[in-house]
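Tertiary structure, described
Okay, here's what each chain looks like letter by letter:
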Amino acid sequence: MKTPTHSLIVEDMPADADLARRAIRKVIKDCEFQVVETRKDFLAALDVFQPDLILSDYSLPHFDGMKALRLALKHAPLTPLIIWTGSISEDVAVGCMKAGANNYVIKENIKRLGPAVIHALEERELLVTRKQAEEKYQAIFENSVAGVFQSTPAGRYLNVNAAMARIYGYNSPKEMVEAIESIADQIYVEPGRRDEFVRLINSQNAVENYEERNYRKDGSIIWTSTSARPVHDMHGNILYYEGFITDITERKRAEESLRQSEARLILALSGAQMSVWEWNLQNNQMLWSPEFFEITGVREDEFDTTFEAFTQLIHSDDVERVMAAAEKAMQERNLFAEEFRIIRPNGEMRWLSNLGHAEYDATASSLRFIGTVQDITQRKQAEARIQRQLEH
């Protein structure tokens, strides 16, 4: 529910105070008033009444508008104060405005009071909104777990938050700002990468997830990801860059570890003549590791990835058995383990050993099969030789 507008009137003449009330009520229907005429009562009203608007006579017996203005700027800086008086010189009016008054109105020209009040309250709303935005930004700046910074195009930090200082090993934001005289030389590991960052942010008006190796205070190297934008003045000139930095060192280590693991797996699969496969039961698509194409002799760019395309490679005498084994494994939730023959495009026959299992969703419906297939032709040939020797 919208609360009434609180208007504080500093006036020692009851008739003038009533005149002001009537003029203000013409432009603001829901309004509450309080009238004071001493410094003590004025300060109490700022604290308790908490006005949205102050209308002060310029001259009172025990108080005056300039004193009220100074107190308002100190204790309620967002509250606009309008000077109104019976007469005032142009120099005095200018002095009031320079001192911080929102406006001034001559009492004989009471028609100006309503528009002046509306203008003052609109400015107050803008100031309050701006202050709230600044407080929100400051809260984010101070409490963010990510590093937050402001830096000049020339390469110095204007401001960093506590998280930023911790990322780079400094004891405080102040220490980091004072210690870094050249971001390009003291933060960036690779020469020229700061210049590339500046080029990108200036040309694109933003940089997203700019990954780079950085130096910490102790000389150790970390990986960071930066997202930033330029802040311009009213003429379009860049004042500074502001943005966020996150430490992605652990992610980079994990990625490198995964890359090395994949390389070792590829080497192991190739040495064992083995391929990894996945059969998506929802769309009937199959994925194969590169070793599959070496084993089967088919070309990857010519091979259909459906399950039916794979079954066409299986020897005609083995297809029915393999299909039945796969169906049984899905129904009984057992391993799918079968040895079967394939015919390569050049007519050569090879023996494969397949091992896989199905994965299911929450409704117990099969989602996919995953497993391995290995070329066991040499083993089968050796078994056949041994069998022939035993028979003779």
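Residues numbered from 1 in each chain as written. Predicted model: local features only at pLDDT ≥ 70, side-chain atom pairs only at ≥ 80, totals over all residues. Heavy atoms only, no water.

1. Digging into the overall build of the protein chain
Looking only at helices and strands, the protein chain has 14 helices and 15 strands in total. Taking the principal axes of its C-alpha atoms as reference, the protein chain extends roughly 135 × 50 × 35 Å. The 392 residues of the protein chain split such that 39% are buried. Taking the contacts inside the protein chain whose residues are at least 6 apart along the sequence as the reference set, 50% of them involve residues at least 24 apart. When the accessible area of the protein chain is evaluated, it comes to approximately 22900 Å², of which 51% is carbon and sulfur surface. (Helix = DSSP H or I, 4+ residues; strand = E, 2+ residues; numbered from the N terminus. Buried < 20%, exposed > 50% of the residue type's maximum accessible area, 1.4 Å probe, protein only. Contact = heavy atoms within 4.5 Å. Areas by Shrake-Rupley, 256 points an atom, 1.4 Å probe, with all protein chains shown as cover.)

2. Digging into the sheet that holds strand β10 (residues 238-247)
Ordered in space as β7-β6-β10-β9-β8, the five strands form an open sheet in which the pairing is antiparallel. Where the open sheet ends on each side, the last strands, each with one partner, are β7 (157-160) and β8 (207-215). Within the sheet, the average angular offset between the axes of one strand and its neighbour, ignoring direction, is 30 degrees. Taken together, the five bridges between strand β6 (residues 147-151) and β10 define a ladder with antiparallel strand orientation. (Pairing = 2+ DSSP bridges. Axes fitted to C-alpha atoms, helices over the stretch in contact; angles between N-to-C directions.)

3. A look at the layout of surface pockets
Of the pockets and cavities examined, the second largest pocket occupies roughly 160 Å³. Every residue lining the second largest pocket is listed: Leu46, Gln50, Pro51, Asp52, His75, Ala76, Pro77, Leu78, Thr79 and Arg124. A per-class count over the lining of the second largest pocket returns five nonpolar, three polar and two charged. (1 Å grid on protein atoms, 1.4 Å probe; cavity = no way out; pocket = protein on both sides within 12 Å on 5 of 7 lines; lining within 4 Å. Points joined across faces, edges and corners; volume = space filled by probe spheres on them. Nonpolar A, V, L, I, M, F, W, Y, C, P; charged D, E, K, R; others polar.)

4. Notes on the nonpolar core
Counting 26 residues, the largest nonpolar core has Trp288, Phe292, Phe303, Phe310 and Phe369 as the members making the most contacts within it. The set of elements that each furnish at least two residues to this core consists of β11 (274-280), β12 (285-288), α11 (291-296), α12 (307-311), α13 (319-332), β13 (336-343), β14 (349-360) and β15 (366-375). At five residues, α13 tops the list of elements feeding residues into this core. In this structure, Phe369 is in contact with Trp277, Glu278, Trp279, Leu281, Ala326, Ala329, Met330, Phe336, Gly356, His357 and Ala358, ignoring residues within four places of it in sequence. In this structure, Ile183, Leu200, Ile222 and Ala228 belong to the second largest nonpolar core, which totals 24 residues. (Core = buried A, V, L, I, M, F, W, Y, C linked by side-chain atoms within 4.5 Å.)

5. Things to note about the pattern of salt bridges
A complete count under the given rule lists 31 salt bridges for this structure. Measuring nitrogen to oxygen at the nearest pair gives 2.7 Å for the salt bridge that ties Glu339 to Arg379. You can see Glu339 sitting in strand β13 and its partner Arg379 sitting in helix α14 (residues 377-391), a full 40 residues away along the chain. Of the residues examined, Glu339 reaches a relative accessible area of 27% and is grouped as partly exposed. Overall, Arg379 belongs to the partly exposed group, its relative accessible area being 37%. Linking Glu359 and Arg368 is a salt bridge whose minimum nitrogen-to-oxygen distance equals 2.6 Å. (Salt bridge = Lys/Arg side-chain N within 4 Å of Asp/Glu carboxyl O.)

6. Describing the packing of aromatic side chains
One pair of aromatic rings is described through two measures. These are the centre distance and the angle between the planes. According to the stated counting rule, one finds 17 aromatic pairs in the structure shown. Residues Phe149 and Tyr157 carry aromatic rings whose centres are separated by 6.3 Å and whose planes lie at 75 degrees to one another, so their mutual orientation is edge-to-face. The buried category is assigned to Tyr157, whose relative accessible area is 7%. Aromatic side chains Phe292 and Phe310 sit 6.3 Å apart centroid to centroid with 55 degrees between the ring planes, which places their arrangement in the tilted category. Pair noted here: Phe292 is in helix α11 and Phe310 is in helix α12, with a separation of 18 residues, a long-range link. The residues Phe292 and Phe310 share a single accessibility class, namely buried. Directly above the ring of Trp223 sits Lys252, whose terminal nitrogen or CZ lies 4.5 Å from the centroid. (Phe/Tyr/Trp six-rings, centres within 6.5 Å; stacked < 30°, edge-to-face > 60°. Lys NZ or Arg CZ within 6 Å of the ring centre and 35° of its normal.)

7. Here we look at the pairing of strand β4 (residues 81-85)
Burial analysis of β4 places five of its five residues in the buried class, which makes it a mostly covered element. Burial along β4 is two-sided: the face carrying Leu81, Ile83 and Thr85 and the face carrying Ile82 and Trp84 are both buried. Sheet topology note: the strand β3 (residues 53-57)/β4 ladder contains four bridges and is parallel. For Ile54, the partnering residue across the bridge sits in β4 and is Leu81. Running through helix α3 (residues 65-75), the crossover from β3 to the neighbouring parallel element β4 is right-handed. As judged from the four bridges shared by β4 and strand β5 (residues 103-106), these two strands associate in the parallel manner. Each residue of the ladder has a partner; that of Ile82, found in β5, is Asn103. (Right-handed = clockwise from strand over helix to strand, strands pointing away.)

8. Section: the sheet that holds β3
In space, the five strands of this open sheet follow the order β2-β1-β3-β4-β5, with parallel pairing throughout. Across the chains shown, the open sheet's two edge strands, defined by having one partner strand only, are β2 (31-36) and β5. Strand-to-strand twist in this sheet, taken as the mean axis angle between neighbours without regard to direction, amounts to 20 degrees. Note: strand β1 (residues 5-10) against β2, six bridges, orientation parallel.

9. Description of empty space enclosed by the protein
Applying the stated rule across the entire model yields two cavities of 30 Å³ or more. Around the largest cavity, the lining is made up of 16 residues, and of these Tyr157, Tyr188, Arg194, Thr226 and Ile245 lie nearest the centre. At the level of elements, β6, α9 (193-204), β8 and β9 (221-232) are the ones that each hand at least two residues to the lining of the largest cavity. Top element by residues in the lining of the largest cavity is β8. It accounts for three residues. Here the lining of the largest cavity is built from residues that sort into 10 nonpolar, four polar and two charged. Considered as a void within the structure, the second largest cavity measures approximately 70 Å³ in volume.

Honestly, that's just the spatial picture; any functional story needs more than this.
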